[in-house]
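Report on the structure
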Amino acid sequence: MSETSMTTGAATGTAALATPNRKETHELALTTQGPLYPPSEVMDGDGNFVVVGMINRPAPAGGAVPEWGAAVVSPDSPVPGFGRLAPYTVLRELDTDPEGADRDIVLHTLPLPLPCNNYPMVFAPEQLPGADRVQRPSHAFHEVPIPDLRAEDGPKVVEPVTFGRWMRASGTLEVGVTSDGRAGTFDFAFSALVPDSVYTVMSLRARDLDPAGPTRPGPLGVPNVFVTDADGSGRYRATLPNPFPDPDLPGANRIVNVVVLWMSYQRSYGGAIGEFGLGGDIHAHLKLRGPSFQDLRTTAAPPP
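Residues numbered from 1 in each chain as written. Predicted model: local features only at pLDDT ≥ 70, side-chain atom pairs only at ≥ 80, totals over all residues. Heavy atoms only, no water.

1. Observations concerning the sheet that holds strand S4 (residues 49–58)
In a beta sheet, neighbouring strands pair by backbone hydrogen bonds and run either parallel or antiparallel. In spatial order, the strands read S4-S5-S6; together these three strands make up an open sheet with antiparallel pairing. The sheet is open, and its two borders are formed by S4 and strand S6 (90–93), each paired with just one other strand. For this sheet, the mean angle separating the axes of adjacent strands, direction not counted, is 55 degrees. Here strand S5 (residues 64–73) runs beside S6; their pairing, made up of three bridges, is antiparallel. When the bridges of S6 are listed, Ala71 appears paired with Glu93. (Pairing = 2+ DSSP bridges. Helix = DSSP H or I, 4+ residues; strand = E, 2+ residues; numbered from the N terminus. Axes fitted to C-alpha atoms, helices over the stretch in contact; angles between N-to-C directions.)

Here's what the structure looks like:
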């Protein structure tokens, strides 16, 4: 990941603690992973996780340590309590070259209930509060049963989505703070994503994975949708109120990452990132490798 920062402009008034006009540029990393459990949001046809992201490897002194990599991981891997780690059961390492030995793996959704899941989150509490009770098999990406779809309606994703195709994607994010210091802007450009597909963008905030009480991950803007063209290119832009408050403020919950999601059911979900998340209906394709935006600050707008 590369990052370039511009000098902060002068700050006055309510923006005194903010960084108005500051901008950063980030190259997004290829991935198939959301949080560490389930290990991936993508499976192969044998029901194994296809992991590009942090691999929980055995630590020399016991336990596990996450290391960025790519591997096929067993769905029978041990599942620790939320916030804890255990080594993944790695079946083999993956060749991430788009033309490499693993290029023809056909990508699948995760079945429901989600295997290897320890994340206690209902992603769409108004739309589907009982998501954990739904049962569905895994589907190849091009065979997902889109609700109410008829063949004559013209589905566009009709060929297998392969690992090699997935690993050709790239994306750039320019993130900044507005001149009044009260909002953040996010401007994305993408190439070689899955063509003719619905994608969405979600935000990950500092407390979304807090074992003491996680907050619900949300969209990066509403609607948070873009549709790729026949080459897999796309653009997305959003402006959010006060996304980078001072982390020392009570209740501060900064955006620390963004995740670009391929939507296997070709739907968006309003104020939710999905009904099931975690590979059931959303599939992380690009993100930043770790917490970011530490040098950006915004402030809340004054009360009316």
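2. Here we look at the packing of aromatic side chains
Inspection of the entire model under this criterion finds 13 aromatic pairs. Both rings, one in Phe244 and one in Phe293, keep their centres 5.5 Å apart while their planes meet at 55 degrees; by these two values the pair is tilted. Of this pair, Phe244 sits in the loop between strand S12 (234–241) and strand S13 (255–263) while Phe293 is found in the segment after strand S14 (282–287), placing the two residues 49 residues apart along the sequence. For the pair shown, Phe244 and Phe293 are each scored as buried. Clustering of aromatic rings is evident, with ring pairs tying together Phe188, Phe190, Tyr199, Phe226 and Tyr236. (Phe/Tyr/Trp six-rings, centres within 6.5 Å; stacked < 30°, edge-to-face > 60°. Buried < 20%, exposed > 50% of the residue type's maximum accessible area, 1.4 Å probe, protein only.)

3. Brief notes about unusual backbone geometry
Here Leu112 and Pro113 are connected by a cis peptide whose omega angle stands at -5 degrees. Structurally, Pro113 is set in the loop between S6 and helix H1 (163–166). Omega for the peptide link from Val222 to Pro223 comes to 0 degrees, which places this bond in the cis form. Examined against the element boundaries, Pro223 turns out to sit in the loop between strand S10 (218–219) and strand S11 (225–227). Unlike most non-glycine residues, Asn242 shows phi in positive territory, near 45 degrees.

4. Observations regarding the nonpolar core
One finds Leu28, Phe186, Phe188, Phe190, Leu220, Val258 and Phe293 to be the most contacted residues of the largest nonpolar core, which totals 41 residues. Taken together, the elements giving at least two residues each to this core come down to S4, S5, H1, strand S7 (170–177), strand S8 (183–191), strand S9 (198–205), S12 and S13. By residue number, the principal contributor to this core is S13, which donates four residues. Beyond its immediate sequence surroundings of up to four residues, Phe186 is in contact with Leu173, Glu174, Val175, Leu220, Tyr236, Arg237, Ala238, Leu240, Pro243, Phe244, Ile255 and Val258. (Core = buried A, V, L, I, M, F, W, Y, C linked by side-chain atoms within 4.5 Å. Contact = heavy atoms within 4.5 Å.)

Such coordinate-based values are descriptive only and should not be taken to indicate function.
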